Structures are given as C-alpha cells and as structure tokens.
Amino acid sequence: MYISARADYALRAMLAVADAGSTGDGGSGGGELVKAASLADSQDIPLSFLQGILLDLRRAGLLHSHRGTEGGYALTRPPAEISVGDVLRAVGGALTSVRGMPADRTGYHGVATGLRDVWLAVDGAIALVVDRTTLADLLADRAPAP
C-alpha cells in the first residue's frame, strides 16, 4: 500500500473538521463549520490541492458544505462512524493496487498463480486495520498498535 500526499491530506482535513465539529456528544452536528482556507492553513496543505480533495470527500458523502460567508465544511456522520478506510477509498479508490489495478483484478498463470492470493491477503489485512479505525479513535489517540 502506498499512502499518497492526497490520502494523507484527506485524513488530516477530515480529522480537523471532526475536531472542530465535535460537541462532546460524539455527534456530527452542532459544531462549527470549517472553511477550506482555515483547513489548508492549520494543516499546511496547499489550498488548491485541498479543494479537489474536499470535493472528492463531499462526493463520497463524507462531508457536506455550506456556501456563503458563514459557510464551510462539516462531517455528514459522527466521527465514530467514519473509518480511515472510508476516507482512503474516497480519495484514492482501491486500498491496494498491483501495477495500477485493484488487487482483486490481477491475474497470473504458471508459477506466479499464487501471487493473486498474496495480494488479496495483503489487501484484506490493510482493510482490517483501516476499516476498524475511525476518526473518533484517532482523535482520542486510540489508533491500533503496529
């Protein structure tokens, strides 16, 4: 698995939005909306790059946006219901790729036939970690141990 700057930035932005929107009750509402410029500044992410990431996260149903001078971004669900895997898939597609293809689309013949099973096992192991780790876990510093 390769963690791109895009994936790293997306997770950092989602954590910042989750933190700003937290109300102490684990909900997704009631907190302040976060402006893209504020996210870019606080997380040291180029604003033009961040805007594309925010669009992907909105299209994936993880963020919603409000327009206007008082607008900004907020989570669509509580942080405990958004996994790291949700965010990674929203901005990067498949968690594991082999030669640019998702692991489940690889095919081999001859002595290399077993490689597909290895790549699928790697994909499953990665999914296990990122799908059980939520934004709430990361905000509470409860990430899984290596």
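Small disclaimer: the values here were computed from a predicted structure and weren't measured. The residue count restarts for each chain, going from 1 along the sequence in the order it is written. With pLDDT at 70 or above as the cut-off, local features in this predicted model cover only qualifying residues; side-chain atom pairs require 80 or more to be listed or tallied, and sums for whole chains, interfaces and linings still use all residues. Processing note: side-chain calculations cover all non-hydrogen atoms of the structure and skip hydrogens and water entirely.

**Re the environment of Arg77**
Topologically, Arg77 is positioned in the loop between β2 (72-75) and α4 (84-92). Only protein chains enter the calculation, and the probe is 1.4 Å; a residue is then buried if its accessible area is under 20% of its type maximum, exposed if over 50%, and partly exposed in between. Residue class for Arg77 comes out partly exposed when judged on its relative accessible area of 26%. Sequence-wise, Arg77 and Leu135 are 58 residues apart; in three dimensions their C-alpha atoms are separated by 11 Å. Within the local environment of Arg77, its side chain forms a polar contact with the backbone oxygen of Glu81, the two atoms lying 3.1 Å apart. N or O atoms within 3.5 Å of each other form a polar contact, as long as, within protein, one can give a hydrogen and the other can take it, and as long as residues adjacent in sequence are counted only when both atoms are side-chain atoms. Looking at Arg77, its side chain comes within polar contact range of the side chain of Asp86, at 3.2 Å. The helix and strand labels rest on DSSP assignments: H or I over at least four residues marks a helix, E over at least two residues marks a strand, and numbering proceeds from the N terminus.

**Some details on the pairing of β2**
By the alternation rule, side chains of β2 split into Gly72 and Ala74 and Tyr73 and Leu75, which are all buried. In this scheme, strands are said to pair when DSSP sees at least two bridges between them. One ladder, built from 4 bridges, connects strand β1 (residues 63-66) with β2; its direction is antiparallel. Across the sheet, residue Ser65 finds its bridge partner in β2, namely Tyr73. Counted along the chain from β1 to the antiparallel partner β2, the turn is 5 residues long, and its residue Gly68 has a positive phi close to 105 degrees.

**Concerning a nonpolar patch on the surface**
Nonpolar side chains (Val, Leu, Ile, Met, Phe, Trp, Tyr) are joined into patches within 5 Å and like charges within 9 Å, using only residues with over 30% relative accessible area and no salt bridge. Areas reported here follow the Shrake-Rupley algorithm with a probe of radius 1.4 Å; residue values treat only the protein chains shown as occluding. Each reported salt bridge corresponds to a side-chain nitrogen of Lys or Arg within 4 Å of a carboxyl oxygen of Asp or Glu. A contiguous nonpolar surface patch, about 190 Å² in accessible area, is contributed by Leu115, Val118 and Val122. Relative to the helices and strands, Leu115 is located in helix α5 (residues 115-132).

**Some remarks on the packing of aromatic side chains**
Each Phe, Tyr or Trp ring (for Trp, its six-membered ring) is paired with any other whose centre lies within 6.5 Å, and the angle between the two planes then decides the class: stacked below 30 degrees, edge-to-face above 60, tilted in between. Scanning the entire structure with this criterion turns up 1 aromatic pair. Pairing Tyr9 with Phe49 gives two aromatic rings, centres 5.6 Å apart and planes at 80 degrees, and the pair type is edge-to-face. Placement of the pair is Tyr9 in helix α1 (residues 5-21) and Phe49 in helix α3 (residues 47-59), with a sequence separation of 40 residues. By relative accessible area, Phe49 is classed as partly exposed at 31%.

**Details of the confidence of the model for the protein chain**
The pLDDT score gives, residue by residue, the confidence of the prediction method on a 0 to 100 scale. When pLDDT is averaged along the protein chain, the result is 90, and 92% of the positions lie at 70 or above. Contacts were defined at the residue level, with two residues in contact if any of their heavy atoms lie within 4.5 Å. In the predicted structure, residues 24-28 sits below a pLDDT of 50 and forms 9 contacts with residues beyond four places in sequence or in another chain.

**Quick notes on the nonpolar core**
We call a set of buried Ala, Val, Leu, Ile, Met, Phe, Trp, Tyr and Cys residues a nonpolar core when their side-chain atoms join them within 4.5 Å. One finds Met14, Leu39, Leu54, Leu57, Leu63, Leu75 and Val87 to be the most contacted residues of the largest nonpolar core, which totals 32 residues. Of all the secondary structure elements, the ones that give two or more residues to this core are α1, α2 (36-43), α3, β2, α4 and α5. Look past the residues within four positions of Leu39 in its chain and what remains in contact with it is Ala13, Ala16, Val17, Val34, Asp44, Leu50 and Leu54.

**Observations concerning unusual backbone geometry**
At Arg99, a residue that is not glycine, the phi angle is positive and equals roughly 55 degrees. Mapped onto the elements, Arg99 comes out in the loop between β3 (97-98) and β4 (101-102).

**A look at the packing of α4 against α5**
Only C-alpha atoms enter the line fits that serve as axes; for helices the fit covers just the stretch in contact. Angles between N-to-C directions range over 0 to 180 degrees. Orientation of α4 relative to α5, taken along the N-to-C sense of each, is 115 degrees, at an axis distance of 5 Å. Taken together, α4 and α5 sit at an angle that is classed as roughly perpendicular. Listed contacts from α5 to Val84, Gly85, Leu88 and Arg89 of α4 are Ala127, Val130 and Asp131. Residues are grouped as follows: Ala, Val, Leu, Ile, Met, Phe, Trp, Tyr, Cys and Pro are nonpolar; Asp, Glu, Lys and Arg are charged; all remaining types, including Gly, are polar. Of the residues that constitute the contact of α4 with α5, the class distribution is 4 nonpolar, 1 polar and 2 charged. To sort the angles, those under 35 degrees are grouped as roughly parallel, those over 145 as roughly antiparallel, those from 65 to 115 as roughly perpendicular, and the leftovers as oblique.

**Notes on the side chain of Asp137**
With respect to the element layout, Asp137 can be found in helix α6 (residues 135-139). Polar contacts involving the side chain of Asp137 include one to the main-chain amide nitrogen of Thr134, which spans 3.0 Å. Apart from residues no more than four positions distant in its own chain, Asp137 is found in contact with Arg132, Arg142 and Ala143.

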